[in-house]
Amino acid sequence: MSSYAITGASKGLGREFVRQLATDPNNTVLAIVRNPESPGVSELASQYANVHLIAGDVTDPKSILNAASAAAAITGGKLDVLIHNSNAVDAATMSFNPSQFPFDSEATRAMFEPSLTTAIYGGLWTTNAFLPLIEKGVQKKIVHISSAMAEVDLIRGTGISYGVAYSVAKAGMNVQIAKYAAELAPRGIKVLGLSPGWVDTWEGEKPSAVVEGDAFMLKQFQTIAPSLEGQIQPEESVAKSIQVIANMDDESSGLLLSHNGNRENWF
Ligand SMILES: NC(=O)c1ccc[n+]([C@@H]2O[C@H](COP(=O)([O-])OP(=O)(O)OC[C@H]3O[C@@H](n4cnc5c(N)ncnc54)[C@H](OP(=O)(O)O)[C@@H]3O)[C@@H](O)[C@H]2O)c1
């Protein structure tokens, strides 16, 4: 019997984690969402008795503390695995190269804000809010869903110069994970950054600009992974990620690993 809490569970990979984990009736699955009425995940809660919806915004310390209290009330104060999966970006400037950022402190901060608040501050507040529960859990695992887009070798190999705030925030997340791993090792807690692969989580029909962007990115990825054919589906990414989480140990604590469980194959 294991308990899991997943942030950003309303859609995409977060919701797929909830779905796959819920299929084992021995699991207790806490789906943390900004809006508990989000259609996709509330359907899962009505389908699976072991899914509990909890309101929680990772960018609001009070809200995520309340979410941890609600989780504790369901699980008896303990949690085996925390998956911090939430993410937000400033979509309007995702295509900017670093040299395009303006000499305007407010505007520049606004471009970084969604990424930093979800990945870095949200990562801290969520982890700290759930830490007392993790300490009482059996597995004692904390996972932050990060990205290989923060890997310097991948950036150098592919030449991907855009997605600056996103990649910088995930790089910071990866360092924060290593810091947590260093701090929490004596308490038997394992911490991992997990890159889920390149996954199609777009809902509905893709606008042509997104289709073109994907095709461009595929060519760039193929410079380091020539056999890559395109995005994988959430089912595959999450099934492999759950396996990586199952295999977490002291040796890998503090690292960023791919959904394939290594640091070589990011796709
Ligand atoms: N898809 C990929 O190819 C890929 C590749 C590498 C890494 N990743 C990482 O994998 C994770 C999931 O990706 P995805 O593609 O599934 O993303 P997504 O579809 O954009 O979903 C993001 C989730 O984060 C939630 N969220 C946003 N702001 C939040 C906040 N302040 N508090 C709580 N939740 C918040 C969203 O909830 P709302 O509905 O409330 O907005 C949503 O459920 C992210 O960390 C992403 O960076 C994805």
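Residues numbered from 1 in each chain as written. Predicted model: local features only at pLDDT ≥ 70, side-chain atom pairs only at ≥ 80, totals over all residues. Heavy atoms only, no water.

Peer 1: With reference to specific residues and values, describe the pairing of strand E1 (residues 3–7).
Peer 2: Each regular strand carries side chains that alternate between the two faces of the sheet. Most of E1 sits inside the fold, with five of its five residues counted as buried. Of the two faces of E1, both are covered, the one formed by Ser3, Ala5 and Thr7 as well as the one formed by Tyr4 and Ile6. Alignment of E1 against strand E2 (residues 28–33), held across five bridges, turns out to be parallel. What sits directly across from tyrosine 4, in E2, is valine 29. In this fold, the crossover linking E1 to E2 by way of helix H1 (residues 12–22) has right-handed handedness. Looking at chain direction, E1 and strand E4 (residues 81–84) are connected through three bridges and run parallel. Looking at the pairing, alanine 5 lines up with leucine 82 of E4. (Buried < 20%, exposed > 50% of the residue type's maximum accessible area, 1.4 Å probe, protein only. Helix = DSSP H or I, 4+ residues; strand = E, 2+ residues; numbered from the N terminus. Pairing = 2+ DSSP bridges. Right-handed = clockwise from strand over helix to strand, strands pointing away.)

Peer 1: Quick one: what's the story with the side chain of asparagine 85, residue by residue and with numbers?
Peer 2: Note that asparagine 85 resides in the loop between E4 and helix H4 (105–136). Given a relative accessible area of 9%, asparagine 85 falls into the buried group. Beyond its immediate chain neighbours, meaning those up to four positions away, asparagine 85 contacts Ile6, Thr7, Gly8, Leu13, Gly14 and Ile145. (Contact = heavy atoms within 4.5 Å.)

Peer 1: So, the packing of H4 against helix H6 (residues 164–184): which residues are in play, and what are the values?
Peer 2: Between H4 and H6, whose axes approach to 7 Å, the crossing angle comes to 20°. Taken together, the axes of H4 and H6 lie roughly parallel to each other. Seen along the crossing, H4 lies across H6 with a hand that is right-handed. Facing Met111, Phe112, Ser115, Leu116, Ala119, Ile120, Gly123, Leu124, Thr127, Asn128 and Leu131 of H4, the residues of H6 in contact are Val164, Ala165, Tyr166, Val168, Ala169, Gly172, Met173, Gln176, Tyr180 and Leu184. (Axes fitted to C-alpha atoms, helices over the stretch in contact; angles between N-to-C directions. Parallel < 35°, antiparallel > 145°, perpendicular 65-115°, else oblique. Left-handed = near helix turned anticlockwise from the far one by under 90°.)

Peer 1: Lay out the pattern of salt bridges with the relevant residues and their values.
Peer 2: Per the counting criterion, the structure on display carries eight salt bridges. Close ionic contact of aspartate 200 with lysine 206 constitutes a salt bridge, the shortest N to O distance being 3.4 Å. By relative accessible area, aspartate 200 is classed as partly exposed at 23%. Overall, lysine 206 belongs to the partly exposed group, its relative accessible area being 23%. (Salt bridge = Lys/Arg side-chain N within 4 Å of Asp/Glu carboxyl O.)

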